[in-house]
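Chain residues, written in single-letter form:
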Amino acid sequence: MKPDIVTWTVVFIVISCKFVQSRPRKPPNIILILTDDQDVVLGSMSAMNKTNHHLARNGANFINAFVTTPLCCPSRSSILTGMYEHNTGVFDNQETCVSKEWIEGPEKRNFGAYLQQNQYRTGYFGKYLNRYNGSHIPDGWGEWVSLLQNSRYYNYSINRNGNIHRHGDNYYRDYFPDLIANDSLTFFRLSKMNYPELPVAMVVSFPGPHGPEDGAPRYQHLFEGNQLHRTTTWNHVPNPDKHWIIQVMEPMSDLEMAFTDALQRKRLITLVSVDDAIQKLCLELESIGELDNTYIIFTSDHGYHLGQFGLVKGKSMPYDFDLRVPFLIRGPGIPQGVEVPNMVLSIDLAPTILDMAGILIPDHMDGVSILKLFEQPGNRQCKWKHLGMLEQKCWKYKNKRGPNGKKKKVFRYVGTEPWRDTFLVERSRTDEELERYYNKTARLGMQVTKGDKLREECEKPEYQPPCKPKQAKECILLADGSFQIRKCRKRELPPTNENNRKCVCPNEKKKGRMNKEEKKQQRTFLKQHVNKENIKLGRFIEGEEPSIETPTLGTVALVNDDSNIYQADSSLLNHVVVDPKCQVFPNSTVYCISDVFSSRKSIQEHKAFLQRQIDSVQTQLKYLRVIKNSLKDAKVIKKEKLCVCPKENDKTENIYAEERQTPKRKKNQKTQERESKSVETSRSKRRGRKGRKELVCNKPNMNCWQHDRDHWRTPPYWTDEMICGCTQSNNNTYWCLRTINKTHDFLYCEFITKFVEFFNHRTDPHQTTNLAHLLDTGIRRQLHEQLADMKACVGSKDCTTKSLNYNKKQKATNKKQKKRNGS
């Protein structure tokens, strides 16, 4: 009996030393390290060996860590406040990011404000929110060194305690990851020197691996040929069973594949500087004796994709590559070198940090404290069983072998208090936007898309190509099969039969502008041939055909001066038959024959006749104005030299233009070229920028991006052709349930378009096959109701127990059914 008592006593002491959670005597320091766009599925942690050593081997690695919204600003807002997106009111990276409602509401309740109220010296270093402009310092932060706008590495501005500082492109002075690492360490060291009794809480928010992916010079040679991002779903197309953004994706070209490899390398290079900063931080804390009394948390705001399902790059999708993030914690009471499979979320960070500081967690926070995973129940004794491993009602700890054959420790919470197995993934909109969308779809019907509406419009006669006279717009069929309505542009003259004729074309670069000489020639021509008294109005009376052919819209018909069509005798004005029954005298007196006034009916009929005449003349005037406007770009040439102007890609020499230059114009040609050189250069730059925008690949309802050789300003460069893609959309709105427990591992999503996705991760871990059509009607209704409850939840009790209550009800009903079947 005595040996058994001694053995169990030793076991109890060893286990107590390793696992029993005890609060440190003095308040702990807390450091949150945050990266931007860092994935875990694509292998980004392989570039951070120092971080794995200091945090993973000496702390806990949460292998099922997720964000609730895979988008920068909404996710960061949730991290700071511990609330879901629908409670923070931050839905995108634009209007709702750092809005007035955010500043006056949820921002005041960030975890820094609670820490500062409890004697913590707080500091924020690095990127804050995408739309932050430096106009204010949020509550709760005693030291504030924050980046303005989105992630940058060089040429950025920061708000340093209320003062705006601009930085350039010098690596030693301005490289942003190094700057915030040094500033945060200085703040921690000085705080401990001047206020040794006060704890320190910091957020260190790095820009990497977010674009523009500028790595430190000493690491730019690393990771050549790295292809860890080429997972099972890389370039996995087509996907007709997924929502519409994935459906329209086509297989990536060789250029796009090479771009994903280049971007993967650039992203990993930026993470090496973060890895250095974390090691430097741990060594500094160890040197001043604060490492053992400091909680260090490392995570990212969301994941990333590089070629998955044909999406060249980006985030915001409800799949694991965008939802899963690295999540490491070390500190007092945290077991060392363990993996924790329990589900943890980005909204758990704020309540966990407050719990670490011993502060009561506010009711409005939707997340829960992770420290509960490592704590024993208050006054309960743990009962032990020896079943090949040590097992306790509070948690379970065992050794497993990893993929490389090495043993690893797995630490799972199995306590009597419930832990979540389901959470909400959402990318929503404001209530006003949702109402507008639902009202619009209710009017149009869910089956009517923008493409269908355009196709219907293009069937109308007024949009049929090619453009005809008086036609304002035409429909163009694009390469992707969609339609686009464009304004009718100027058309070229019909081709001539003379093949050897040489042309004089308007200077296309001027686009309607004339030099002084051309303006002078135009004024001389108008004075000689046109005046208000010799316009031949009789040519436009309804029913009378003009003596020359009507030109095509946008072209100019030039005739020989011998025809004298402009030089009509002024006496013709008195002979124009405007009204066969009435006449206007020079003193504006009107005389009509007696038949007009014979009856009321005859008067009405004659008025109607005059109105038709007026409408006809107005139509002719409108057409004349179109012809007049087309003359702005035309030059006076001889009839025998009339020909078709070459297209833009036609490089034929304009020999005739050289021949018709007068000696004076030839003499001043070089002077004019010098004067217009600077102006033309600036115009060409503007046209070049506009042209590049027009060259960007375009898809309906999609957000497109482009990447040329000038995008990356630091090695390794992109030396191939310009690449562009359309892989995101503002109306990519969805709500999902993500469940992981002993029996289930699935993702259930409802999109705003009423499209449903369901993936069973136990049989399909890479989410390649949508099984929504196989769901039982009852199960689908239950999931829909559960999702509706989660979309409106407020507070940890409401947002955590929904799925657990549902599971308990299911277990209770299953037990009742078993009893009934047994009886």
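Before reading further, recall that the structure is shown in the block above.
Each chain carries its own residue numbering, running from 1 in the direction its sequence is written. This being a predicted model, a pLDDT of at least 70 is required before a residue's local features are given, and a value of 80 or more before pairs of side-chain atoms are given or counted; all residues contribute to the totals for chains, interfaces and linings. Excluded from the side-chain calculations are hydrogens and water; all other atoms, namely the structure's heavy atoms, are used.

### Here we look at the environment of T270
Logical step 1: Of note, T270 is situated in helix 10 (residues 254-287).
Logical step 2: For every residue, the accessible area obtained with a 1.4 Å probe (protein chains only) is divided by the maximum for its type, and the residue is called buried under 20%, exposed over 50%, and partly exposed between those limits. A residue is classified by how much of its surface remains accessible, and T270, at 1% relative accessible area, is buried.
Logical step 3: With residues near it in sequence (within four places) discarded, T270 still touches Y153, G208, P209, E213, D214 and G215. In DSSP terms, a helix is any run of H or I states spanning at least four residues, a strand is any run of E spanning at least two, and both are numbered starting from the N terminus. Pairs of residues are marked as contacts when any of their non-hydrogen atoms sit within 4.5 Å.

### Quick notes on the packing of helix 2 (residues 49-56) against helix 10
Logical step 1: Helix axes use the C-alpha atoms of the stretch in contact, all axes being lines fitted to C-alpha atoms, and the angles between their N-to-C directions lie in the range 0 to 180 degrees. Here helix 2 crosses helix 10 at 35 degrees, and the two axes come no closer than 8 Å. The hand of the helix 2/helix 10 crossing is left-handed. Contacts from N49, K50, T51, H54 and L55 in helix 2 reach D275, D276, I278, Q279, C282 and L283 in helix 10.
Logical step 2: Three residue categories are used. Nonpolar comprises Ala, Val, Leu, Ile, Met, Phe, Trp, Tyr, Cys and Pro, charged comprises Asp, Glu, Lys and Arg, and polar comprises the others, including Gly. Across the contact of helix 2 with helix 10, the residue classes tally to 4 nonpolar, 4 polar and 3 charged. Each crossing gets its hand from how the near helix is turned against the far one by less than a right angle, where anticlockwise is left-handed and clockwise is right-handed.

### Some words on the packing of aromatic side chains
For any pair of aromatic rings, geometry is given as the distance between the ring centres together with the angle between the planes.
Logical step 1: Under the pairing criterion, centres of Phe, Tyr and Trp rings, with the six-membered ring standing for Trp, must be within 6.5 Å; the plane angle then separates stacked pairs below 30 degrees from edge-to-face pairs above 60, leaving the rest tilted. In total, this model carries 27 aromatic pairs according to the counting rule given.
Logical step 2: Should the NZ of a Lys or the CZ of an Arg lie within 6 Å of a ring centre and within 35 degrees of the ring normal, that charge is described as sitting over the ring. Its end group placed over the ring of W735, K791 keeps NZ or CZ at 4.2 Å from the ring centre.

### A few points about a positive patch on the surface
Logical step 1: On the surface, K516, K519, K520, R523 and K527 cluster together into a patch of positive charge.
Logical step 2: Structurally, the position occupied by K519 is in helix 15 (residues 516-529). Patch rule: a residue counts if its relative accessible area is over 30% and it has no salt bridge; like charges are joined within 9 Å, and nonpolar side chains (Val, Leu, Ile, Met, Phe, Trp, Tyr) within 5 Å. The protein chains shown are the only cover counted for residues, whose accessible areas, like all others here, come from Shrake-Rupley with a 1.4 Å probe. A pair is scored as a salt bridge if a Lys or Arg side-chain nitrogen falls within 4 Å of a carboxyl oxygen belonging to Asp or Glu. A positive count includes Lys and Arg, and a negative count includes Asp and Glu. His and the chain ends are not counted in either. Taken as the charge location is NZ of Lys, CZ of Arg, CG of Asp or CD of Glu.

### Some points on the pairing of strand 8 (residues 200-205)
Two faces make up the sheet, and in a regular strand the side chains alternate between them.
Logical step 1: Most of strand 8 sits out of view: 6 of its 6 residues are buried.
Logical step 2: Alternating residues of strand 8 divide into V200, M202 and V204 and A201, V203 and S205, and every residue in both groups is buried.
Logical step 3: By this definition, two strands are paired if DSSP reports at least two bridges between them. Examined bridge by bridge, strand 1 (residues 29-35) and strand 8 share 5 bridges and lie parallel to one another. In the strand pairing of strand 8, I30 is matched with A201.

### Observations regarding the nonpolar core
The tendency in soluble globular proteins is for nonpolar side chains to be buried as a group.
Logical step 1: Buried Ala, Val, Leu, Ile, Met, Phe, Trp, Tyr and Cys residues that are joined via side-chain atoms within 4.5 Å together make up what is termed a nonpolar core. F62, Y84, F111, L115, F327 and F374 are the most contacted members of the largest nonpolar core, which has 92 residues in total.
Logical step 2: What F62 contacts, discounting residues up to four positions off in sequence, is F327, I329, V340, N342, V344, I370, L373 and F374.
Logical step 3: The next biggest cluster of nonpolar side chains, apart from the first, holds 35 residues, and it includes F176, F187, I296 and L328.

### Considerations on the pattern of salt bridges
A side chain of one charge can pair with a side chain of the opposite charge when the charged atoms of the two come close.
Logical step 1: Taken as a whole and judged by the stated rule, the model has 19 salt bridges.
Logical step 2: Put simply, D276 and K50 hold a salt bridge, and the shortest N to O gap is 2.6 Å. Highlighted residues: D276 in helix 10 and K50 in helix 2, separated in sequence by 226 residues.
Logical step 3: E284 is the partner of R189 in a salt bridge, and the nearest nitrogen-oxygen pair spans 2.9 Å. Highlighted residues: R189 in helix 8 (residues 176-194) and E284 in helix 10, separated in sequence by 95 residues.
Logical step 4: R189 gets classed as partly exposed once you look at its relative accessible area, which sits at 30%.

### Some words on unusual backbone geometry
Logical step 1: With omega at 0 degrees, the peptide bond leading from G208 into P209 counts as cis.
Logical step 2: By the element assignment, P209 lies in the loop between strand 8 and helix 9 (244-247).
Logical step 3: In this chain, P715 is followed by P716 through a cis amide linkage whose omega measures -10 degrees.
Logical step 4: Of note in this structure, D37 is not a glycine but carries a positive phi near 70 degrees.
Logical step 5: With respect to the helices, strands and loops of the structure, D37 is situated in the loop between strand 1 and helix 2.
Logical step 6: At N161, a residue that is not glycine, the phi angle is positive and equals roughly 55 degrees.
Logical step 7: Position of N161 relative to the elements: it lies in the loop between strand 6 (157-160) and strand 7 (163-166).

These values are about where atoms sit, not about what they do.
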